[in-house]
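Each chain is listed here by its residues.
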Amino acid sequence: MVKGRLHSFETFGAVDGPGIRTVVFLQGCPARCAYCHNPDTWDVHGGSEVETKQIVDRAKRGMSYYGEKGGVTFSGGEPLLQGEFLIQTIRALKKVGINSIIDTSGTYIDEFTEKVIEECEMVLLDVKHSQPEKFWDITGKKQDNLLKLIDLINKHGKHVWVRQVIVPGINDSQANIKSLNEFIKRITHVDKVELLGYHNLGVEKYEKLGIKYRLKDVEPMDQKELNKLSALVSF
Ligand code: SF4
């Protein structure tokens, strides 16, 4: 059995997919998003070692709250970085009747990714930016893997919740929302699109880790402006 690397658990997650969910934050991320509020998940060797059984045992504790829709969401970091461990764990969760969702940025894919997509219930897709150059500016990664991941999601008929963090001065324009609307047309089954307002609550973590925070002069996203932009979303 392959072992994984765990950052943390969150119980009773209500925003990371349908129903009440146990959120498993896996350790490691290849991206370096300008506004990442979990830079402590970046190091693939950080966190702690975890076995599939520990995740299943932890997830089983929430079973009485999951109802029909709830279950487990694998987030991070970038969970697809641990594809082999994910496949094994999603299958083990299925055996006890718990569904799994993958919360991914599409910045990493490998030979295990297709199987992960096939096995999971649905995908939360964090589209950092619809345009390749701006995607690069935000994440430090090319957009290619995101496009390949969308092909896999479509191939296996999975449903998607699209999310994008809206950052003042970076993607808070009407033109960006139009571009996002166009981009998501390439996803066959979109059930929801959520714009999330940028906040700077993660800044202290950067100070502790001694990492420069690129957006230190950027104010949090204004809620009213965010609502206006959200009204422009179409899918
Ligand atoms: S993909 Fe997520 S975890 Fe990785 S750097 Fe970006 S915001 Fe942070």
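Keep in mind the model is a prediction, meaning the values are calculated, not measured. Residue numbering note: each chain is counted from 1, following its sequence as written. In keeping with the model being predicted, local features are shown solely for residues with a pLDDT of at least 70 and side-chain atom pairs are shown and tallied solely at 80 or more, while totals for entire chains, interfaces and linings include all residues. Computation of side-chain values covers all heavy atoms of the structure but excludes hydrogens and water.

What follows deals with the environment of G197. Within the fold, G197 resides in strand β8 (residues 190–197). Only heavy atoms enter the contact rule, under which two residues are in contact if any of them lie within 4.5 Å. Once residues within four sequence positions are removed from consideration, G197 is found in contact with I166, M221 and L226. Strands here mean DSSP runs of E at least two residues long; helices mean DSSP runs of H or I at least four residues long; both are numbered from the N terminus.

We now examine the layout of surface pockets. Here the term cavity refers to a set of points on a 1 Å grid, laid over the protein atoms alone, in which a 1.4 Å probe fits but cannot get out; the term pocket refers to an open set having protein on both sides within 12 Å along at least five of seven lines, with lining residues being those that place an atom within 4 Å of a point. Grid points are joined across faces, edges and corners, and a volume is the space filled by probe spheres set on the points. The space that makes up the largest pocket amounts to roughly 820 Å³. Together, 32 residues line the largest pocket, and H37, N38, S75, D103 and D126 are the ones closest to its centre. Every element with two or more residues in the lining of the largest pocket is listed here: β1 (4–13), β5 (99–104), β7 (159–166) and β8. A total of 3 residues in the lining of the largest pocket trace back to one element, the largest contributor, which is β8. Classification convention: Asp, Glu, Lys, Arg as charged; Ala, Val, Leu, Ile, Met, Phe, Trp, Tyr, Cys, Pro as nonpolar; all other residues, Gly among them, as polar. For the lining of the largest pocket, the residue count by class is 11 nonpolar, 11 polar and 10 charged.

So, about the nonpolar core. Nonpolar cores are built from buried Ala, Val, Leu, Ile, Met, Phe, Trp, Tyr and Cys residues. Side-chain atoms within 4.5 Å join them into one set. With a 1.4 Å probe rolled over the protein chains alone, any residue whose accessible area is under 20% of its type maximum counts as buried; one over 50% counts as exposed, and the rest are partly exposed. F74, L125 and Y198 are the most contacted members of the largest nonpolar core, which totals 59 residues. In terms of residue count, the dominant contributor to this core is helix α3 (residues 83–95) (5 residues).

On to helix α5 (residues 132–139). Buried within α5 we find F135, I138 and T139. Considered in projection along α5, the buried side chains sweep an arc of 80° and stay on one side of the axis. Buried residues belonging to α5 abut α6 (144–155). Comment: arc refers to directions from the helix axis out to C-beta atoms.

Let us look at the site of the ligand. If you check the shell around the ligand, you find C29, A31, R32, C33, C36, T41, W42, G77, S105 and K128 and nothing else. Residue classes in the shell around the ligand are distributed as 5 nonpolar, 3 polar and 2 charged. For this purpose, a residue is taken to be near a molecule or strand whenever a single non-hydrogen atom of the residue falls within 4 Å of it.

Glancing now at helix α7 (residues 174–184). When we look at burial in α7, the residues that qualify are N176, I177, S179, L180, N181, F183 and I184. Looking at the buried residues of α7, the elements they touch are α6, β7, β8 and α9 (223–230).

Mapped onto the elements, M63 comes out in helix α2 (residues 63–66). A sequence separation of 41 residues divides M63 from T22, and the C-alpha atoms of the two residues are 9.4 Å apart.

This part takes up the UniProt feature "domain: Radical SAM core" (unreviewed entry) in the protein. UniProt positions are given in the numbering used here, feature names are shortened, and annotations may be inferred rather than shown by experiment. Per the UniProt record, "domain: Radical SAM core" (unreviewed entry) is found at residues 15–235. Helix makes up 36% of residues 15–235 and strand 19%, whereas the separation of the span's terminal C-alpha atoms amounts to 20 Å.

Moving on, we get to unusual backbone geometry. Geometrically, the link from G76 to G77 is a cis peptide bond, its omega value of 15° lying close to zero. Among the structural elements, G77 can be located in the loop between β4 (71–75) and α3. The phi torsion at F12 lies on the positive side, around 55°, for a residue other than glycine. Relative to the helices and strands, F12 resides in strand β1. Given the relative accessible area of 49%, F12 is considered partly exposed.

So, about the packing of helix α1 (residues 52–60) against α3. Axes here mean lines fitted to C-alpha atoms, for a helix over just the part in contact, with angles spanning 0 to 180 degrees between N-to-C directions. Relative to each other, α1 and α3 sit at 40°, their axes nearing to 9 Å. Between α1 and α3, the angle is such that the two are oblique. In this structure, the crossing between α1 and α3 has a hand that is right-handed. Counting all contacts with α1, which are made through T52, I55, V56 and A59, the residues of α3 involved are F85, Q88, T89, A92 and L93. A breakdown of the residues in the contact of α1 with α3 according to their chemical character gives 6 nonpolar, 3 polar and no charged. If an angle is under 35 degrees, it is roughly parallel; if it is over 145, roughly antiparallel; if it lies from 65 to 115, roughly perpendicular; otherwise it is oblique. For any pair of crossing helices, the crossing counts as left-handed if the nearer helix is rotated counterclockwise from the farther one by less than a right angle, and right-handed if it is rotated clockwise.

Here we take up the pairing of β7. With 7 of 8 residues buried, β7 lies mostly within the body of the structure. The rule for pairing is simple: two strands pair if DSSP sees at least two bridges between them. Judged from the 5 bridges that link them, strand β6 (residues 122–126) and β7 form a sheet pairing that is parallel. Residue D126 lies in a different strand from β7, and its bridge partner there is R163. Note: β7 against β8, 7 bridges, orientation parallel. Looking at the pairing, R163 lines up with E194 of β8.

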